[in-house]
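What follows is the residue order along each chain.
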Amino acid sequence: MSRRNGDREHGSPALIHSGQRPELPTRNGTTMTDATTAPRPTPHPWWTNAVVYQVYPRSFADSNGDGIGDIGGIRSKLDYLAELGIDVLWLSPMYPSPQHDNGYDISDYRDIDPVFGDLDEFDALLAEAHERGMRIMMDLVVNHTSDEHAWFRESRSSVDNPKRDWYWWRPARPDGDRPNDWTSAFSGPAWTRDETTGEYYLHLFATEQPDLNWENPEVREAVYDMMRWWLDRGVDGFRMDVINLIAKNLDAIDGADRGSGLGFGTGPQIHGFLQEMHREVFAAHPGSYVTVGEMPGVSTADAALFTDPLRRELDMVFQFEHVSFDHGSHKFDPLPFDLVALKEILGRWQTELAETGWNSLYLGNHDQPRLVSRFGNDTVYRVESATLWALVLHLMRGTPYVYQGDEIGMTNVTFATIDDYRDIESVNHYREQVEQFDASPAAVLAGVHARGRDNARTPMQWDSSAHAGFSTGDPWIAVNPNYPTVNTEEDRAAADSVFAFYRQLIALRHTDATVALGRFELLEPQHPQLFAYARTSEDGTDRLIVVANASDEPLTDPLPVPAGATLVLGNQPATGDDPTLRPWEARLYRVGSAL
Ligand code: TEU
Ligand code: CA
C-alpha cells in the first residue's frame, strides 16, 4: 500500500536530502505545475521550501449533512488545495474520541472516528493527496489520552494494575489536599481524584485528558509503535501536540508548587525523549518525513537545540511568544496591538534560528483568534490587512502554515451568548469567572469574542448558500454571519482576491531560493507603522525587501528601498513610483546584484 520507494534514504540526516521529492507525482492538470516542479534549492530538505495548510476537519467540509466536517469533505476539496499550491496538509485529530476537546482527547490511536469516516476512507484521502503532490501530516497527541482510552481504563482500575504507572497517579497530601497546586489549561486544578482508588491523576488540560507518564519506557514504546503504524500506512510526518510537556518537571510534580503545570516549562528529559523517538521511529523507518513540535513556552535557545538537524530531534517547532505577548493577566485579557513588540519577537526568532535550526511561521491556527481580526483591521481593510500579513509572514525564512480560511480572509465571530460557544476552554473560563469569581458576564464574553478558540473553528465559508456551503445540515457550531460576502466563491471572483495573493506567495517560495533560504534582517525596528525587512541570498547578490504599512493611516516616511529596486509583488494595485504606502499596503521589492 505504501507508495514509498528507495529514493528515500534510510535514516540519513535531514540536511543531506536532495530537496527533490521524486516519490511524489507532480501536479498535472493544475496551473501550479511550473512552480511545484521547478528544481528546489539544494542541499536543503524538501520542507524548507514547502507550505503547510492546516485542516480542522470538523469545520472544513461536511459530506453527509450531519453538520460535522469529515474525510469525504476534505477529499472533495483537494483540487482547491492543490490549486492554492500547498505541499503538506496537516490534519487536526480524526481518531476515535469522545470529543471533549474536539479530538485532542484520543480514545484509540489506530482508527478513525466514525463521525469523520473510517480507515479505508483515510487511505483513499492519503492516496488522492499524494496523487496531487501533497503530503499528509498527522496530529500526534501523546502528552495525554482520553480518559476513555483502554490504557487509562486499565490504569485507573486498581493501584496494582500493570498500566497503573502509564499515567501520573499520586495519593492526596497528608493534609488531604491534591498532590500539588498546578492548574489545568482549561480552568480548575490539574489533579482529579478518582473514586476507584481514591488517588489523584494529573491532567494539564481537561479532566478527560489524563497525562501519560513518559518516564515509563513501556509508554514510549507503545507510542513509537503507533507512530510507525501510521508511517507504514503512508503518512508523511507528524505535528506533535504540546510535545515539550511530555517531559514533566519531576521536582515540581511532588512539590506543592503553585501555578500552572504548563508554566513549569519543560523537564530536562525532553531531549532524550525526542532523540529516542527519532531513533525508534524515523531513523528506523525508510522515508523523508517532516516533524513539527508544538511547544508552549519554548525560548529561541531551546528551539535552536530542538531543531538542530545534527541532534536529530525535530525539524521545527511552533513557538508561542508572538501569540502570547498581547495577553494581559491571562489569555482572555487582550492588550492593544503593539507592532514594535511583534517585530522584535518575530525578528529575534528569525535571527536566532538563522545559523542552526528552522522556524515554523504562523499567525493563526485552531487555538488562536483569526489573524486578520487580531493583527489587522477586519472591517474597513479586511482584504488589505489579510494580504499584508500574508506577505509579511510568507516572505520570512521558515516553513509557513496557512490555517483554513485565512486564504480568504476569514474573521473572528461575535456570538451573542456563551451558549453559542462550543470550546471547552472558553466555556470553562466563562463559568469559572462568572460563577466562582462573580465577574461581569459581558466583560468575560468580550474576552471570549477577542481571543476564544471558536473564532477559528466556525465552519469554512465556501459560498453564499445556506450554511456557507459547509453542510446541508445544521453545523455543529454556527457559521460566521459574514459568510454571504466572505466565502471562497466571492473571494476568488474578486479582483483583489486573497486566495490569488496566497497562491502567488506560495509559488514564490517554491521557485525563489532567496525567499526560501535568504538571510533575514529587520529594518526600522522602532517604526510604529512600518514592518520592513530584507532577505539576502547566501552569496549576497540577491536581495528582497518587504515594506508593509500595518496601520489605518497612509505612510509617507521614506521607505528603506534603494532606487532602482523593482516591484515584485504588492497587495494593492501598483501606483508607479509613488513612495506613499496606502493603509495596509504591503510591497515586495527586489534589488538585483545587491552589495
Ligand atoms: O494546544 C496547546 C496550548 O498550549 C494552547 O494553545 C491551548 O490551545 C490553550 O489555549 C492553552 O490556553 C494544544 C492543541 O493545539 C489544542 O487544541 C488542545 O486543546 C491542547 O493542546 C490539548 O491537547
Ligand atoms: Ca459529516
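You'll find the structure just up there.
As a starting point, this report considers the structure included with it. (Residues numbered from 1 in each chain as written. Chains lettered and ligands numbered in written order. Predicted model: local features only at pLDDT ≥ 70, side-chain atom pairs only at ≥ 80, totals over all residues. Heavy atoms only, no water.)

1. Observations regarding the overall build of the protein
Here is step 1 of the chain: Along its length, the protein carries 17 helices and 18 strands.
Here is step 2 of the chain: Against the compact-globule benchmark of 25 Å for 595 residues, the protein has a radius of gyration of 24 Å, which places it among compact chains.
Here is step 3 of the chain: Looking at the protein alone, contacts between residues at least 24 apart form 70% of all its contacts between residues at least 6 apart.
Here is step 4 of the chain: Split by element, the accessible area of the protein, about 21300 Å² in all, is 51% carbon and sulfur. (Helix = DSSP H or I, 4+ residues; strand = E, 2+ residues; numbered from the N terminus. Rg over C-alpha atoms; globule rule 2.2 N^0.38 Å. Contact = heavy atoms within 4.5 Å. Areas by Shrake-Rupley, 256 points an atom, 1.4 Å probe, with all protein chains shown as cover.)

2. Things to note about the site of ligand 1
Here is step 1 of the chain: What surrounds ligand 1 is a group of 18 residues, the closest being Asp-101, Asp-241, Asp-367, Glu-425 and Arg-453.
Here is step 2 of the chain: Within the side chain of His-144, a nitrogen or oxygen atom sits 2.9 Å from an oxygen atom of ligand 1.
Here is step 3 of the chain: Lys-331 places a polar side-chain atom, nitrogen or oxygen, 3.0 Å from an oxygen atom of ligand 1.
Here is step 4 of the chain: Notes on ligand 1: free accessible area 480 Å², of which the protein chains cover 93%.
Here is step 5 of the chain: Per-class residue counts for the shell around ligand 1 are six nonpolar, three polar and nine charged. (Near = heavy atom within 4 Å. Polar contact = N/O pair within 3.5 Å; in protein donor to acceptor, adjacent residues only side chain to side chain. Nonpolar A, V, L, I, M, F, W, Y, C, P; charged D, E, K, R; others polar.)

3. Things to note about the side chain of Lys-163
Here is step 1 of the chain: Its place among the elements puts Lys-163 in the loop between helix H5 (150-157) and strand S4 (169-170).
Here is step 2 of the chain: By relative accessible area, Lys-163 is classed as buried at 17%.
Here is step 3 of the chain: Apart from residues no more than four positions distant in its own chain, Lys-163 is found in contact with Trp-151, Glu-154 and Ser-155. (Buried < 20%, exposed > 50% of the residue type's maximum accessible area, 1.4 Å probe, protein only.)

4. Considering the coordination of the calcium ion (ligand 2)
Here is step 1 of the chain: Protein coordination of the calcium ion (ligand 2) is provided by Asp-62 (OD), Asn-64 (OD1), Asp-66 (OD), Ile-68 (O) and Asp-70 (OD), with donor distances spanning 2.3 to 2.4 Å.
Here is step 2 of the chain: Sequence spacing among the residues donating to the calcium ion (ligand 2) works out to D-x1-N-x1-D-x1-I-x1-D. (Donors = N, O, S within 2.8 Å, 3.2 Å for Na, K, Ca; no water.)

5. Thoughts on the sheet that holds strand S10 (residues 290-294)
Here is step 1 of the chain: Overall, parallel pairing links the eight strands, which are arranged S11-S10-S8-S3-S2-S1-S13-S12 in an open sheet. The open sheet has two edge strands, strand S11 (316-318) and strand S12 (360-361), and neither has a second partner. (Pairing = 2+ DSSP bridges.)

6. Overview of unusual backbone geometry
Here is step 1 of the chain: Its identity is not glycine, yet Gln-99 carries a phi of approximately 65°, on the positive side.
Here is step 2 of the chain: With respect to the helices and strands, the residue Gln-99 is situated in the loop between strand S2 (88-91) and helix H4 (119-131).
Here is step 3 of the chain: We note that Ser-187 has phi near 75°; this positive angle belongs to a residue other than glycine.
Here is step 4 of the chain: Tracing the backbone shows Ser-187 in the loop between strand S5 (181-183) and strand S6 (191-193).
Here is step 5 of the chain: Using a relative accessible area of 24% as the deciding quantity, one classes Ser-187 as partly exposed.

7. Section: the packing of aromatic side chains
In this description, a pair of aromatic rings is defined by centroid distance and the angle of the planes.
Here is step 1 of the chain: Enumeration over the complete set of coordinates arrives at 30 aromatic pairs.
Here is step 2 of the chain: Considering the side-chain rings of Trp-214 and Phe-273, the 5.8 Å spacing of their centres and the 45° angle between planes classify their relative orientation as tilted. Here Trp-214, found in the loop between strand S7 (200-202) and helix H6 (217-233), pairs with Phe-273, found in helix H8 (residues 270-283); they are 59 residues apart in sequence, far enough to count as distant. Across this residue pair, the class does not change: Trp-214 and Phe-273 are buried.
Here is step 3 of the chain: Directly above the ring of Trp-166 sits Lys-163, whose terminal nitrogen or CZ lies 4.7 Å from the centroid.
Here is step 4 of the chain: Seen from the ring of Trp-229, Arg-233 lies directly overhead, with NZ or CZ sitting 5.0 Å from the centre. (Phe/Tyr/Trp six-rings, centres within 6.5 Å; stacked < 30°, edge-to-face > 60°. Lys NZ or Arg CZ within 6 Å of the ring centre and 35° of its normal.)

8. Overview of the pattern of salt bridges
Here is step 1 of the chain: Applying the stated rule across the entire model yields 37 salt bridges.
Here is step 2 of the chain: The residue Arg-173 makes a salt bridge to Asp-181 at a minimum N-O spacing of 3.0 Å.
Here is step 3 of the chain: Arg-173 gets classed as partly exposed once you look at its relative accessible area, which sits at 21%.
Here is step 4 of the chain: Classification of Asp-181 as buried rests on a relative accessible area of 10%.
Here is step 5 of the chain: Here Glu-521 and Arg-543 are joined by a salt bridge, their closest N and O atoms 3.5 Å apart. Taken as a pair, Glu-521 in strand S14 (residues 519-523) and Arg-543 in strand S16 (residues 543-549) lie far apart in primary sequence, 22 residues in all.
Here is step 6 of the chain: Of the residues examined, Glu-521 reaches a relative accessible area of 37% and is grouped as partly exposed. (Salt bridge = Lys/Arg side-chain N within 4 Å of Asp/Glu carboxyl O.)

9. Structural notes on H4
Here is step 1 of the chain: In a regular helix each residue adds 1.5 Å, so 13 residues correspond to 18 Å; H4 covers 18 Å between its end C-alpha atoms and thus fits that length.
Here is step 2 of the chain: Along its buried surface, H4 packs onto helix H2 (71-76), helix H3 (78-84), S2, strand S3 (135-140) and H6.
Here is step 3 of the chain: If you check the start of H4, you find a side-chain oxygen 3.2 Å away from the backbone N of Asp-120, and it comes from Asp-118. (Expected span 1.5 Å × (residues − 1).)

10. Things to note about the environment of Asp-236
Here is step 1 of the chain: One can find Asp-236 in the loop between H6 and strand S8 (237-240).
Here is step 2 of the chain: Accessibility expressed as a relative area gives 0% for Asp-236, which makes it buried.
Here is step 3 of the chain: Measuring from C-alpha to C-alpha, the distance between Asp-236 and Gly-69 comes to 22 Å, with 167 residues separating the pair along the chain.
Here is step 4 of the chain: A polar side-chain atom of Asp-236 sits 2.8 Å from a polar atom in the side chain of His-130.
Here is step 5 of the chain: At 2.8 Å, the side chain of Asp-236 forms a polar contact with the backbone nitrogen of Ile-136.

11. A few points about the packing of helix H12 (residues 382-394) against helix H16 (residues 498-511)
Here is step 1 of the chain: Remark: H12 packs on H16, axes separated minimally by 10 Å, with the N-to-C direction vectors making an angle of 10°. By the criterion of interaxial angle, the relationship of H12 to H16 is roughly parallel. Judged by residue contacts, Val-383, Ala-386, Thr-387, Ala-390, Leu-391 and His-394 of H12 engage Val-498, Phe-501, Tyr-502, Leu-505, Ile-506 and Arg-509 from H16.
Here is step 2 of the chain: A breakdown of the residues in the contact of H12 with H16 according to their chemical character gives nine nonpolar, two polar and one charged. (Axes fitted to C-alpha atoms, helices over the stretch in contact; angles between N-to-C directions. Parallel < 35°, antiparallel > 145°, perpendicular 65-115°, else oblique.)

12. Thoughts on the pairing of strand S15 (residues 530-536)
Here is step 1 of the chain: Extensive coverage of S15 is indicated by the burial of seven of its seven residues.
Here is step 2 of the chain: Here S15 shows two buried faces, one formed by Leu-530, Ala-532, Ala-534 and Thr-536 and the other by Phe-531, Tyr-533 and Arg-535.
Here is step 3 of the chain: By the bridge criterion, five bridges tie S14 to S15 in an arrangement that is antiparallel. Paired with Phe-520 across the bridge in S15 is Arg-535.
Here is step 4 of the chain: Following S14, the chain reverses through six residues before pairing antiparallel with S15; Glu-524 in that reversal takes a positive phi of roughly 45°.
Here is step 5 of the chain: Bridge count between S15 and S16: seven bridges; the pairing is antiparallel. The residue of S16 that forms the bridge with Thr-536 is Arg-543.
Here is step 6 of the chain: Taking the residues that link successive antiparallel strands as the turn, the S15-S16 hairpin has six residues, and the phi of Gly-540 there is positive, at about 80°.

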